[in-house]
Amino acid sequence: MKTFEVFLKKDGKDEFRHAGSMQAPDAQMAIPLAREVYARRAEGDLMWLVDRDNLIVADPGLLAPNADKGHRHNDGKRVADHRKAQRAEVDGAAE
Amino acid sequence: MTLSPGAVEWLLAFADDEHMMGARHASWIGLGPFLEEDLAFCSIAQDELGHAIALYDYLTDDLDRFALLRQPGEYRSSWLSELPCQRWDEALVRHWLYDRAEALRWGSVAHSSVPGLAQLAARAEREESFHREHAEMFLSRIACGDDAGRAMISAALEGMLPQALALWEPVAGEAEAVADGVTDATSAQLGDRWHGLVSRDLARWGIRVDWPAASVGQNERTVRSAPFAELYASLQEVINIDPSATW
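Residues numbered from 1 in each chain as written. Chains lettered and ligands numbered in written order. Predicted model: local features only at pLDDT ≥ 70, side-chain atom pairs only at ≥ 80, totals over all residues. Heavy atoms only, no water.

1. Topic: the nonpolar core
Within the largest apolar cluster, 86 residues are counted, with the highest numbers of intra-cluster contacts made by Val93, Trp96, Leu97, Trp106 and Trp194 of chain B. Beyond its immediate stretch of four places on either side in the chain, Trp106 of chain B contacts Phe14, His51, Leu55, Leu117, Leu120, Ala121, Ala124 and Glu128 of chain B. (Core = buried A, V, L, I, M, F, W, Y, C linked by side-chain atoms within 4.5 Å. Buried < 20%, exposed > 50% of the residue type's maximum accessible area, 1.4 Å probe, protein only. Contact = heavy atoms within 4.5 Å.)

Take a look at the structure:
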C-alpha cells in the first residue's frame, strides 16, 4: 500500500488545502478512493493527490531555531499593551 | 400516468435488486480490506439504496412498509442480489457482475415513457460509472497478479453464474412493459449484451469460465432463494420493534 496526501480546492479564489492522508494500492486506485474519503460531500471541485514518497521533507531541526524569536511575531499585542499603559498614565495625570 | 401491471413488475424487479444489493453491500461496513475501501464500498451500497428508493417511489406512498414488510413472494429480487457473499472475493465478483447488468438496465430506460425515469437513469449513471470503474480496477489487479488471484475470481464466479444468469429471466408482463415504452429492450436482449461485456472483461483478465446452460429458474422472480430468509429477517429487525413508528 502507498500513502497519498490529498488536496482539495473549491472553485473560485480559494487555494488548494490539505484535506488529509489516505492509503491505496496504487495511484490510479487512489483517485476514486480519495473522492470517497474526502470529497463525497462535494468538499472540493478540484483534487490533487501527492504520493508521500515524492514529498521533500525538511528536518524539524532546521525549523526549531525559529520557535523562540518572539520579535518576529507581529501580532500587535505588545504595541496594544504599551498604548493601553500610556493612556492609563495620561488619564491618571489628568485627574 | 398509470403503470401497467407489466411496468409495475419490471420496475419492482429493478427496485428490489437495488434494495437487496444495497443491503448486502452494506453488510461490509467496518469489514472492508482497508479503511478507504470500506468507505468506497459502503458509498456504493448507499448509492444502490438511493436508486431503490427512487424506483420504489413509482410504486408506493408508504416506502418503509413497502420496502421492508411485504411477504417474501411479493418481492421480485434476483437470486444474485440475495446471495450473502460473505467472502470479499465473492462480494467483489458479484459487485462487478451486478453493476455490468445495472448499467444496461438504466440504459434501457434512457428514453422511457415513465415520467422522470430517464432523468433518474442519467443521475444513476453518473454514480454507476464509478461503481464499474471500482469493480474493474479491483478485479483487474487481482487477475493480473498471479494464478492464485485468477483462480479465486474463477471460483467465486462459477459459484454464482447460475444466479447471475437468472437476472435475465423476464418478469410477468415484460412484453407489456416493452410495448408501453417503459424499457426499450427485453431481458433476453440485455442478457446478450451483458454476456458480451462480462466475457470481454474475462478475456482481458485471462480467465476462462464454463458458462452454465441455464439459470436457476426463479419463475418470473416470484420464488425467493434460500439465503433470502436470513436477509429478510435482518431487514425487518428494526422496523418490527414498532411498525407504527414514523421515522
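Additional details are given in the paragraphs that follow.
2. Comments concerning the confidence of the model for chain A
Within chain A, residue pLDDT values average 90, and 99% of them lie at 70 or more. Averaged over each element, pLDDT in chain A is lowest for helix α3 (residues 77–94) of chain A (87) and highest for strand β1 (residues 2–9) of chain A (98). (pLDDT = per-residue confidence, 0-100. Helix = DSSP H or I, 4+ residues; strand = E, 2+ residues; numbered from the N terminus.)

3. Focus: the interface of chain A and chain B
Contacts between chain A and chain B engage 14 residues on the former and 11 residues on the latter. Seen at the junction of chain A and chain B, the total is one salt bridge. A salt bridge links Arg141 of chain B to Asp26 of chain A; the shortest N-O distance between them is 2.6 Å. Along the contact surface separating chain A from chain B lie four residue pairs in polar contact (both at pLDDT 80 or more). For the side of chain A that touches chain B, the secondary structure elements donating two or more residues are β2 (17–24) and α1 (27–38) of chain A. Broken down by element, the side of chain A that touches chain B gets its largest block of residues, seven residues, from α1 of chain A. Of the residues belonging to the side of chain A that touches chain B, the class tally is eight nonpolar, two polar and four charged. (Salt bridge = Lys/Arg side-chain N within 4 Å of Asp/Glu carboxyl O. Polar contact = N/O pair within 3.5 Å; in protein donor to acceptor, adjacent residues only side chain to side chain. Nonpolar A, V, L, I, M, F, W, Y, C, P; charged D, E, K, R; others polar.)

4. A short note on the sheet that holds β1 of chain A
All names here are of chain A. Judged by pairing direction, the sheet is antiparallel, and its three strands sit side by side in the order β2-β1-β3 without closing on themselves. Of all the strands in the sheet, the pair left with one neighbour each is β2 and β3 (46–51). Sheet twist, expressed as the mean angle between neighbouring strand axes with direction ignored, is 30°. (Pairing = 2+ DSSP bridges. Axes fitted to C-alpha atoms, helices over the stretch in contact; angles between N-to-C directions.)

5. Side note on the packing of helix α1 (residues 5–26) of chain B against helix α5 (residues 88–108) of chain B
Residue and element names in this part refer to chain B. Interaxial distance between α1 and α5 falls to 12 Å at its minimum, and their mutual angle equals 150°. Classified by the angle their axes make, α1 and α5 are roughly antiparallel. Our pair here, α1 against α5, has a crossing hand that is left-handed. Residues Trp10, Ala13, Phe14, Asp17, Glu18, Met21, Arg24 and His25 of α1 touch α5, and the partners they reach there are Ala91, Arg94, His95, Tyr98, Glu102, Arg105, Trp106 and Ser108. (Parallel < 35°, antiparallel > 145°, perpendicular 65-115°, else oblique. Left-handed = near helix turned anticlockwise from the far one by under 90°.)

6. Comments concerning α1 of chain A
The first and last C-alpha atoms of α1 of chain A sit 16 Å apart over 12 residues, in line with the 16 Å expected at 1.5 Å per residue. All of the buried residues along α1 of chain A are Met29, Ala30, Pro32, Leu33, Ala34, Glu36, Val37 and Tyr38 of chain A. Looking at the packing, one finds that the buried side of α1 of chain A touches β1, β2 and β3 of chain A together with α2 (35–56) and α6 (117–143) of chain B. For α1 of chain A, the N-terminal cap is Asp26 of chain A; the gap from its side-chain oxygen to the backbone nitrogen of Gln28 of chain A is 3.2 Å. (Expected span 1.5 Å × (residues − 1).)

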